[in-house]
Every structure is written in structure tokens, then in C-alpha cells.
Amino acid sequence: VVFVETKLKKVILEYENGLKQWYRLPSKASDNQDFLWRVENDPTFFKGKGTKFLLDEHIHVIMVEDEDDKTRVEASEIKVESKETDIVSQRFSRMKRKTAVNAGNLTLMDISDFALMFPKMPEKNDQKIPILVDGSDNRFALWHLQEQSRQSPRTEIRLQMISPLVTESAENATLNDLFGILVAEILRDESYMAVVAELDIVIEPFENGQSIHIFGFSDKLPQLLREAVQCFVEVASFGKKSNWKRGKGKGISDLVDQPVFYAQLESLALAYFNEGAQFQSSGMLSSAMYRVLVKGTIHPENKASAADTIEPSQLAEFAFAFLSNCKVETLVTGNADLTEACAMFDTIKQLLEVMQPSMVPSHELPVHKIIDIPVSAVVDSKDDWFALSGLVHPLEALEFPGHSVDLYFHIGSDNIKNRVLVNLIEQMMREPLYAELRTRQQLGYMVKCSSVALYGKLGFVIELTSGKYGPQYLAQDIDSFLLQFGGTLMNMSKDMFFDHVTALARKKLEDPKGASHAVERHWDTVRQCNNYGERTYRWNPHFAEVEVLKTYVTPQILYNAYEKWLLPVSKSRRRVSVVVFGHGHQGQPLRDLQDRSSYITVVNGPELEVKSETAARARGCKMM
């Protein structure tokens, strides 16, 4: 705080990037006095006599009234002998250009005009977030947000069931995937009727359990929700005393035919082989990079091997154990009011109570963590492999003759300041990266970069696929670009810099593309929260990120972050590389990588020799 005027109830705050701006004092008298007391006891605040206030100890500001009885500010410089005289004069000259403005209406002093162009933040009352209605134990939790902006009476419900059993073994992970697929298969007829009734339902297994997403008319949705949850319960009910064997007896076969069961199981095994062979990412990370980064990840080939021995009785037993030991979180949004949301939630609890569920302590819920990534050594560029220093996961393409490199640069903890900086780097780099490597040098047909948030950590990914050059040379080209782009950042004009900052802020504040997109943001918050015990949910983080963009980021701060995280000559850069050598490649790249153990650490998954007809039909890559 650098200035306070109690009569007008205005205050000037100075941010870390030098921005000074008016704010209104708290409206309540008690809050006002408490605020002023804290200001006056702040050692960085200097108060003069009467209506005079000191600014930076060298400039004082006085409130005066003009002929129209409008209060304005006037500033003058205090003549002092100081080594900082030139700096003070420059500061005062900038301020003088902003004087004689109506207090509280415009920015008093700014480092550029970008504050006037900066997008306006929505009022806190407009930042609607879900409320926790029911969540007193470690078994059930209900979130609700009523949105009456929809033009028709529609409701959206999202439900996830999380169990520690899923991550215990490859067999359990496979059974979890099969559980969700078969429930969706059993509900196929109901799903068709739902579409006719303008309802949508999606049942998907994920790494920690099962998810259900239903959207449609509010009066019809509860019945479809009941059918979906009841189907999960019916499959699990056969697991309590299931002695069903292949071709004998009755059990889960009452719900799904035996040929359908094994056809879905074989299809799932083939999907595992293809996933294990997949390199290019459809989202933020490739599946290969994800397996390297996340501790305790179950490799798809291990799950494919487990699929060879699974029987229907095992699925029923797993389903019963899963529903008996899982946490259920539900988000209800749309036109449904609180009473209707609680009624649907009660239906879920009543159906699952048949499984005699037990409470799941928060410390038993699956929590994924990122591996420890060491600093990548800075290596002499005379070696062709120098640009791959650090952790390297090599793959060999089964059919594709091209080469690919996927570089993950570790940023650190996922806090707001780091997230804003890495998002801004992505904003500035995306077009120059494509223009240089794809358009000008024509290195390959796929070039992209993106920031990544994963289990409380941040990273930055650059991917490049080429049909001409090996991964070691592609990594060199990326490092050369990063050096060049560092110079671009250093020499960037302030106008260009703040244009990027403003553009990123506007992008973060864009209205959701439809009501479902807004719900997706809230659901991501629920799914990404690892600490279920303390419920540390961060709703609408983009609003806080925009505020940081406005008050914290400067060109120097951004360059310092880039230099530390991405610059090739940095002694603190941490990187993981997933490299693909095309089919029919020359030489022995695995041996070349292993021979450079002084600065390259080869990271491989389990070496499996899976020989089956299913594996032979897989397409993509294999481990070297």
C-alpha cells in the first residue's frame, strides 16, 4: 500500500510488476478501521501530515478540489540528494502524466497502457461454483450447482466411483476396464431408448475406477441414472458367491452372453497392445510419456497378459469387492434444484447399500505421483547424442519408417505463478515453433508444444515427428530453436509482451462453449483433487491466474523462468525424452544410448516377450 485517502475511501496498491492502481476501501466501518490499522502499522507505508502522503519517500501526493468540486490528485517531487535521483525523476514524470484524473475511475500510474486494455474480471458474485451438499464421510459426496441459464429443463450428472483395489495389480486394472465395458454393453438397449428420449449416457472406466455421465431432460434423467447404477450392482451381485465356470452353471451369463464376454475381453487385450505401442499423444501427453512419468503405472502389456487368464467369475468377484470398497462423488448441475439433486443422490446411495459398503479412509484412495526427475547435464555438442541428456525411453516402430521425439521439461510444483508463466511461454512459442521447424526447415509433419499439469506438477512438452532425421538430430534441432527463442524473449518489446499477456488473459476469461463445457471445468476440479480428506478443491482457477497475469508477470520474470526451465545451457533444466526409431532404422541406437551412461539414463518398462495372435495384430511401437 502506497497511498490512502479516507474521505474518498480510496487506496492505491502497488503490485510486484510496478502497476499502481486505485481500489475502494472496505464498505463496512469495522472492516475499514481494521484495514487502516493494518496499513498504518505496515513498515512500508509512509504517512505525512494532513492530506499529504509520501510515495516512495521521494514523491508526495495531495488531494485538491478543482472548480467543478471534483477531487483530483496532484504530485510533486521532494528534492533529495540520492544516487537514485534519475530513477525517481523518471518515476515522477510517468506519474505526472497521469495526474488530474478523477480518483477511483482511472489508473493513476502504470508501466504501460495494457491495464486499460486488460479484460475486466467478473464480479465474485458471478463466479458460480458448486457447493458441497453431502460429504460427511469417506463413502459418498454430492456437489450441486444450479444453472437456470439453459433454455430447456435439462440436467447433467457426473459420477465417479474410486477404489484402491484398481491399482493393486494388473489383473485388477484389467477387470476394472472390463467391468465398465460390459456394463455399457448390457445397457445398450436402454442407451438406444435414451437417445430417442434425448438423453445421453457415457460409462467409462478410468485409472482409479468407473465414471458415469448422463445428460438430458430433468424429468427423464433420474430413471436412466437408476438403470445405470442398478446394472453395476447386478453385475457385482453375482460375485458374492460366484462359482460360475466357463460353459457351466449360471451367473453373470444371465446378463451378458459368453461369446460377448470373451469378444469384449479379446478386444480389450488388443487395445492394450495398441496402447503400449502408441507414441503420438491425443491429449497433453503420449501414453508412453505418461507411463515413464507416473510412479507405479501398470504397463498395458501387463494388463494384456492378465486378460488371457480372466474368467467371468473373476469379474463378478472383483465387481462385488469394488462396489463394497469405493468412494462415490457426484456432481449435479443444470436446472435441477437442490431437492431434486438430493433425491438422485439418495437413489445412488440406496442402490449401493445392497453391497454393504465400508468407509474408505482418505489415505487409502489412489494418489498418483510423478517420478523424481534429475537435472539434465549440459554436454559437449561434438557428440551427436548430446541433445538427449537426461532420462530417455527408447521405442522402435513396428511398421512406420519415420522417427519421433517427445521431450518433457519438468517445471515444478503446480502453483498459480508457475502455471501462468508456463502458459505464457506456450502462448508465445506455439506459432514460432511451427513456423521454424515445420514450415521453414521442413523437419517433419507434426510439430507442437503444450503445457502439462499432472498430479500436482507442471511440465512443458515439445513433440516432433519426421520421416527424414533420427531422434538424436531432431532433439538437436529443438535445442537450437530453444536457444533462438530465448533471444526472442530477451529482445521482445514491452508492447509485444503485454499484447501476449492480454491475449492469454482474454483466452482464460472466454465464456465456456456451452453449458457442458462449464460443467467440465468443475468436474475436472473434482477429479484432479488428490487430497479427498481435506477437500482442497480449487474452483475456477483461471480467475486467479488472470489476476496474476495482471499484477505479477514482467518480461524479466518470464525470461528468468524460461532460462531455468527450457534453455539448453541451463544447469537446472530437467528433461525426460521418449524417442521412436523408425522401422528399418540403421545402427544400434539402444547400445549407443547405453554407452553414454555418463549423461543419458535409459528408462525402460518391463521387457515382455508376448507371443500371441492378438499381439501380432498390434500396430505402433515396441520397447527396444
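Residues numbered from 1 in each chain as written. Predicted model: local features only at pLDDT ≥ 70, side-chain atom pairs only at ≥ 80, totals over all residues. Heavy atoms only, no water.

Turning our attention to the pattern of salt bridges. Overall, the coordinates contain 15 salt bridges when judged by the stated rule. Residues Asp134 and Lys349 are paired through a salt bridge, measuring 3.1 Å at the closest nitrogen-oxygen approach. With a gap of 215 residues between them, Asp134 in strand E7 (residues 131–134) and Lys349 in helix H11 (residues 338–352) connect regions that are remote in the sequence. Taking the relative accessible area as the measure of exposure, Asp134 reaches 21% and is therefore partly exposed. Where Asp383 meets Arg596, a salt bridge forms, and the shortest distance between an N and an O atom there is 3.0 Å. In this pair, Asp383 is assigned in the loop between H11 and strand E13 (390–397) and Arg596 in the loop between helix H18 (589–594) and strand E18 (600–602), connecting sequence segments 213 residues apart. Take Asp383: its relative accessible area is 21%, and that puts it in the partly exposed class. Look at the salt bridges and you will find they share partners, linking Asp414, Arg419, Lys508 and Glu545 into a network. (Salt bridge = Lys/Arg side-chain N within 4 Å of Asp/Glu carboxyl O. Helix = DSSP H or I, 4+ residues; strand = E, 2+ residues; numbered from the N terminus. Buried < 20%, exposed > 50% of the residue type's maximum accessible area, 1.4 Å probe, protein only.)

We now examine the packing of helix H14 (residues 494–508) against helix H16 (residues 541–551). Their axes nearest at 9 Å, the elements H14 and H16 cross at an angle of 165°. Between H14 and H16, the interaxial angle falls into the category roughly antiparallel. With respect to the hand of their crossing, H14 and H16 are arranged in left-handed fashion. Contacts between H14 and H16 pair Val501, Leu504, Ala505 and Lys508 from the former with His542, Glu545, Val546 and Leu549 from the latter. Partitioned by chemical class, the residues of the contact of H14 with H16 number five nonpolar, one polar and two charged. (Axes fitted to C-alpha atoms, helices over the stretch in contact; angles between N-to-C directions. Parallel < 35°, antiparallel > 145°, perpendicular 65-115°, else oblique. Left-handed = near helix turned anticlockwise from the far one by under 90°. Contact = heavy atoms within 4.5 Å. Nonpolar A, V, L, I, M, F, W, Y, C, P; charged D, E, K, R; others polar.)

Our focus in this paragraph is the sheet that holds strand E12 (residues 327–334). Taken in spatial order, the six strands of this open sheet run E7-E8-E12-E9-E11-E10, and their pairing is mixed. One side of each edge strand has no neighbouring strand; the edge strands of this open sheet are E7 and strand E10 (200–206). Here the strands of the sheet are splayed against their neighbours by 20° on average, with no regard to which way each runs. Summarising the sheet, strand E8 (residues 140–146) and E12 pair through seven bridges and their orientation is parallel. By the bridge assignment for E12, Phe140 is matched with Val328. (Pairing = 2+ DSSP bridges.)

Taken residue by residue, the protein gives an average pLDDT of 77. The fraction at 70 or more is 71%. The low-confidence segment residues 42–61, where pLDDT is below 50, has 56 contacts with residues more than four positions distant or belonging to other chains. Between residues 70–112, whose pLDDT stays under 50, and residues either more than four places distant or in other chains, the model counts 88 contacts. (pLDDT = per-residue confidence, 0-100.)

Position of Pro366 relative to the elements: it lies in the loop between H11 and E13. Put simply, Pro366 and Ile162 are 204 residues apart on the chain and 8.0 Å apart in space, counted from C-alpha to C-alpha. Beyond its immediate sequence surroundings of up to four residues, Pro366 is in contact with Ile162, Ser163, Pro164, Thr167 and Asn208.

This model, assessed by the stated rule, comprises 10 aromatic pairs. Consider the rings of Phe140 and Phe345, whose centres lie 6.1 Å apart with planes at 90°: the pair is edge-to-face. Of the two residues, Phe140 is situated in strand E8 and Phe345 in helix H11; the sequence distance between them amounts to 205 residues. Summarising the burial analysis for this pair, Phe140 and Phe345 share the class buried. Among the aromatic side chains, those forming a connected cluster through ring pairs are Phe179, Phe232, Phe318 and Phe322. Above the plane of the ring of Phe217 lies Arg154, whose end atom (NZ or CZ) is 4.2 Å from the centre. (Phe/Tyr/Trp six-rings, centres within 6.5 Å; stacked < 30°, edge-to-face > 60°. Lys NZ or Arg CZ within 6 Å of the ring centre and 35° of its normal.)

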